[in-house]
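# Examination of the molecular architecture
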Amino acid sequence: MPEGHSIHRIARQISDVFTGERVQVSSPQGRYTEGAALLDGHTITGAYAHGKHLFVTFENDLTLNVHLGIYGNWSFGGDETFTGASSIGAPRKIGEKEYAAGEEQPYAGPPEPKSTVRCRIVSEHGWADLVGPTICRTLTPEEVRTVRSKLGPDPLNPDADPEQFYRAARKSSRPIGVILMDQAAISGVGNIFRAESLYRQEIDPLRPGKSLSDEELERLWEDNKHLLVIGVRVGRIITTEPEDRPGVPETEAWPDHANYVYMHHGEPCRRCGTTIRMEEIAGRKLYWCPGCQV
DNA sequence: GAACCATGATTAC
DNA sequence: TAATCCTGGTTCG
């Protein structure tokens with residue numbers, strides 16, 4: 001269940017362990033067999049993220065494009081060369097959550113894949129398994145451009161143009177809480193970041209986009225960028241400021257202390273005491289504090 | 001073992 | 001707005 005920070009971490013991981021490696025690409029599950037065959041035996045040249053989309057580039061100019069949806073995840077494992085190059089270390093899973101595997105053992109090749117593995121990438125030194133994606137396909141450069149052209153700016157990308165987000169918001173009468181979830185307006189923000197950034201900036205999620213001031217839109221962009229950067233560094237979504245979780249360090253801020261409003265409906269706001277609300281808007285649960293957010 | 005739920009998104013009505 | 005797809009963990013009976 002990944003928002004943009006997870007995809008950037010996965011892109012970094014894949015780039016770390018596979019760039020320059022000739023790989024076998026397969027689909028144990030069988031639902032990506034044709035696309036995998038176009039990449040099988042070729043060398044990976046890099047990986048990057050745009051919002052929640054992952055792109056893995058190959059030397060034959062084709063690109064693996066993956067979107068994890070709500071459930072997708074990647075698992076990785078390999079020898080010491082592999083884990084030494086890795087951002088995340090020994091065999092691990094990233095997507096929804098990540099965890100260290102058990103005891104270290106000598107690497108003896110990839111494990112038998114689970115029956116649900118849509119795509120498996122294997123190099124001389126390690127492997128990556130993809131399970132449960134909504135999108136897993138092989139694209140030409142032209143097709144990559146088409147996909148990316150439909151995505152709004154990603155605050156984690158250095159060349160992102162926030163003006164695109166501001167323009168999308170200013171012309172819209174939809175609630176800002178809905179606009180933040182629209183990947184064509186701003187990409188990489190999901191249900192937790194939207195709720196938490198709106199709380200932190202004290203903006204009512206139901207206000208129409210066009211009612212926000214330039215200054216408010218800029219604060220939202222900057223805060224989502226700030227929170228995404230923390231997410232990339234920590235590997236989890238931590239949105240509380242240290243003074244709002246006294247004595248609990250960033251790395252140990254488990255659900256009770258990690259967020260202000262997400263999944264805290266019915267509880268008193270930790271800043272103003274008002275009961276946190278939750279309502280389903282446009283098919284997703286929206287959490288906010290009616291006291292702080294106006 | 002069924003039912004339900006989730007950090008997502010598209011499609012159809 | 002509802003139905004649908006993707007998977008797996010948790011909760012329910």
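Residues numbered from 1 in each chain as written. Chains lettered and ligands numbered in written order. Predicted model: local features only at pLDDT ≥ 70, side-chain atom pairs only at ≥ 80, totals over all residues. Heavy atoms only, no water.

Each helix and strand in chain A was counted, giving nine helices and 11 strands. For 294 residues, the compact-globule estimate of 2.2 N^0.38 gives 19 Å, and chain A sits close to it at 20 Å. Dimensions of chain A, computed from C-alpha atoms along their principal axes, come out at roughly 55 × 45 × 30 Å. Among the 294 residues that make up chain A, the fraction classed as buried is 52%. Summarising the internal contacts of chain A: among those between residues at least 6 apart in sequence, 59% fall at separations of at least 24. Accessible surface, chain A: about 13600 Å² in total, of which carbon and sulfur atoms supply 50%. (Helix = DSSP H or I, 4+ residues; strand = E, 2+ residues; numbered from the N terminus. Rg over C-alpha atoms; globule rule 2.2 N^0.38 Å. Buried < 20%, exposed > 50% of the residue type's maximum accessible area, 1.4 Å probe, protein only. Contact = heavy atoms within 4.5 Å. Areas by Shrake-Rupley, 256 points an atom, 1.4 Å probe, with all protein chains shown as cover.)

This part takes up the sheet that holds strand 3 (residues 53-58). The strand order across the open sheet formed by four strands is 2-3-4-9, and the pairing between neighbours is antiparallel. In this open sheet, the two strands that pair with only one neighbour each are strand 2 (44-50) and strand 9 (135-139). For this sheet, the mean angle separating the axes of adjacent strands, direction not counted, is 15 degrees. With five bridges joining them, strand 4 (residues 63-67) and strand 9 adopt antiparallel strand pairing. From the neighbouring strand, Thr-63 faces strand 9, where its bridge partner is Leu-139. Contacting strand 2, strand 3, strand 4 and strand 9, helix 4 (residues 141-149) runs over the sheet at an angle of about 135 degrees to strand 9. (Pairing = 2+ DSSP bridges. Axes fitted to C-alpha atoms, helices over the stretch in contact; angles between N-to-C directions.)

Everything listed here is a matter of geometry and, on its own, says nothing about what the molecule does.
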